[in-house]
Amino acid sequence: MVEAILRRLSERFRELELLTRPVDAETKAALATRWQALPEHVRTPAQTLGQHAVGCEGTHGVFPKCDLACTPCYHSRDANRVAISGSHTIAQVRAQMGLLRRRRGPRAHAQLIGGEVSLLSPDDHAAALLIMREHGREPMSMSHGDFDYDYLKALAVGPDGVRRFDRLSFAAHFDSLMFGRRGIERPADEAALNPYRQRFVAMFSRLRREHGVRPFLAHNMTVTPRNVGEIAQVVRDCHGFGFGLFSFQPAAFIGDDRRWHEGYRDTTADTVWAQVEAGAGTRLPFRALQVGDERCNRTTYGFYVGPDYFPILDEEKPADLVVRDAFLTRFGGISFSGTPPKLLLAKVLRVVARHPGVVVPFAGWLVRTARTVGVRRLLRHHHVRPVTFVMHSFMDAADVAPAWKAMQDGQVSGDPRIAETQQRLAACSYAMAHPETGELVPACVQHSVLDPVENVALRTLLPPTPVGRRPRSVGPDA
């Protein structure tokens, strides 16, 4: 009897040890593989890929259709000629997530992306998200945000009244280059969309009040010469709405060329970032932590206290780099966003118990940050709101296609522009899975090279059927 009890206790202790282990063996191996696969020019102390995460992931070919029109549009010409099919979506999501789980380990952020996700039925949408979670993915639904609370509730709460999710993540795309939104078919400017942005966030606030589902909301915006000068005002107007992330994408010549109407490359990455900084009211350092290639991604993590924004790390401050290095060395492999709070605390405490000295740089950072923010400001505004600023710079199809072909052939292009594109593709932080070949491809390759062929085949597999459009009279207060 005593031996049996001791054996059960030993087994339970072993289970607890494995559960609270800061980084499990499979995650550690996946991170090492990711690091080794990166090109030399991005293997820097600031690089998060391979040190903290394997990168982001996305679906493709699962629901290409959209019911808004955008200039530009990154979908191929045939995307809207493919019918929405829940069974197809579910099967493809399961297959793609299975490959990502096998190739990239047990934890990653993944986007449920294609056309417009809310064209899926709530049940099919929920099923896809649950499959992603089953494969260790933290899913984010990509949407134009033009749906109603009834849809959101039906997604989050099953027909039996039981909550399906404790947390939902959505990225909503709002910009004045999008046409067909209910109540504002053709926005005159970015400010005209603010009531619709607020309405979107308000739906999730209501969902949390009524059903306890915690949201994480991102705001996406495509940038062209037409609206680049409005970025700063968008940030000033919307930073307090409830979005946890603002993402800006300078337009690229990808997708449906019938919707290319401007000289997109007249707008540089530096111009866009300067506008974001003007909106935030401060410099946004982006070299302390890097995701992939700097030419593709800029990211600043920070927080608002009232109207003031404070980046958490600055590459120009040596003490901040010490904190960065301590984080990536000791806590890098821990999944902070997808781990239950109590379990996350246990993992962190195990690291601290083994490396107590790691507390010192973080304590120093906390003291410095408190001084910078100021006690008066904290007392006046009561709380801190984490907000991340991101810029993703996609590449033109005319460059991606030859660069990808050369990479497939094992060659480095003699054309400097194409060689640069090859470097960026090799460092890509955003992968899409092809279970039929076992291949993972960068998103720019998917959109530039593979989507057009894929959607032609999908037109045959899923021929379109007439679908009535939603009522056009709905406004921001509906």
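Remember, predicted model here, so these are calculated numbers, not experimental data.

1. Focus: the overall build of the chain
Each helix and strand in the chain was counted, giving 15 helices and 13 strands. Taken along the three principal axes of its C-alpha coordinates, the chain extends 70 × 60 × 55 Å. Sorting the 478 residues of the chain into buried and exposed places 51% on the buried side. Across the chain, every contact between residues at least 6 apart in sequence was considered, and the portion connecting residues at least 24 apart equals 76%. Element-wise, carbon and sulfur atoms account for 57% of the exposed surface of the chain, whose accessible area totals about 22,200 Å². One way to put it: in the chain the 61 positive side-chain charges average out to a point 6 Å from where the 51 negative ones average out.

2. A short note on the packing of aromatic side chains
Using the criterion set out here, one finds 19 aromatic pairs in the structure. Arranged with centres 6.0 Å apart and planes meeting at 80°, the rings of F147 and F200 form a pair that is edge-to-face. Taken together, the residues F147 in the loop between β4 (137–143) and α5 (149–156) and F200 in helix α6 (residues 194–211) connect sequence positions 53 residues apart. Look at F200 and you get buried, because its relative accessible area is 0%. Between the aromatic rings of F331 and F362, the centroid separation amounts to 5.8 Å while the plane-to-plane angle is 80°, which identifies the pairing as edge-to-face. Of this pair, F331 sits in helix α9 (residues 318–331) while F362 is found in helix α11 (residues 359–373), placing the two residues 31 residues apart along the sequence. In textbook terms, an aromatic cluster arises when at least three aromatic residues are bridged by ring pairs, as seen for F147, Y151, F170, F174, F200, F204, F243, F246, Y304, Y309 and F389. Here the guanidinium or amino end of R206 rests over the ring plane of Y149, the centre of that ring lying 3.8 Å away.

3. Considering the nonpolar core
With 61 residues, the main nonpolar core has L152, L168, F170, F200, I231, F248 and F389 as its most contacted residues. Broken down by element, this core gets its largest block of residues, 6 residues, from α6. Core analysis: the next-biggest nonpolar cluster, separate from the first, contains 25 residues, Y74, I113, A218 and V400 among them.

4. Comments concerning the pairing of strand β5 (residues 167–173)
Along any regular strand, the residues point their side chains to alternate faces of the sheet. Counting buried positions over the 7 residues of β5 gives 6, a clear majority of the element. The sheet contact formed by β4 and β5 spans 3 bridges and is parallel. Its bridge partner lying in β5, S141 is registered against F170. Taken together, β4, α5 and β5 constitute a β-α-β crossover, and its handedness is right-handed. Both β5 and strand β7 (residues 214–223) contribute to a ladder of 7 bridges, which runs parallel. Counted as the bridge partner of F170 is L217 from β7.

5. Quick notes on the pairing of strand β13 (residues 439–442)
Judged from the 4 bridges that link them, strand β12 (residues 430–434) and β13 form a sheet pairing that is antiparallel. Bridging across to β13, H434 finds its partner in E439. Counted between consecutive antiparallel strands, the loop separating β12 from β13 contains 4 residues, among which G438 sits at a positive phi close to 75°.

6. Quick word on helix α15 (residues 443–461)
Taking 1.5 Å of rise per residue, 19 residues should cover 27 Å, yet α15 covers just 23 Å from first to last C-alpha, more than 12% shy of that figure. Of all the bends in α15, the largest measures some 60° and sits at L450, one to four residues before the proline P452. Buried within α15 are the following residues: A443, C444, V445, Q446, H447, S448, D451, E454, N455 and L458. Looking at the buried side of α15, the elements it contacts are α3 (86–104), α13 (397–408), α14 (416–426), β12 and β13.

7. A closer look at the environment of V117
Here V117 lies in the loop between β3 (108–112) and α4 (122–134). Under the relative-accessibility criterion, V117 is labelled buried at 0%. Distance from V117 to I84, taken between C-alpha atoms, is 9.8 Å for residues 33 residues apart in sequence. In contact with V117, not counting residues within four places along its chain, are F63, L112, H125, S141, M142, S143, Y151 and F170.

What counts, and at which threshold
Residues numbered from 1 in each chain as written. Predicted model: local features only at pLDDT ≥ 70, side-chain atom pairs only at ≥ 80, totals over all residues. Heavy atoms only, no water. Helix = DSSP H or I, 4+ residues; strand = E, 2+ residues; numbered from the N terminus. Buried < 20%, exposed > 50% of the residue type's maximum accessible area, 1.4 Å probe, protein only. Contact = heavy atoms within 4.5 Å. Areas by Shrake-Rupley, 256 points an atom, 1.4 Å probe, with all protein chains shown as cover. Lys, Arg positive; Asp, Glu negative; His and termini not counted. Charge placed at Lys NZ, Arg CZ, Asp CG, Glu CD. Phe/Tyr/Trp six-rings, centres within 6.5 Å; stacked < 30°, edge-to-face > 60°. Lys NZ or Arg CZ within 6 Å of the ring centre and 35° of its normal. Core = buried A, V, L, I, M, F, W, Y, C linked by side-chain atoms within 4.5 Å. Pairing = 2+ DSSP bridges. Right-handed = clockwise from strand over helix to strand, strands pointing away. Expected span 1.5 Å × (residues − 1). Bend = angle between axes of the 7 residues up to and from the residue.

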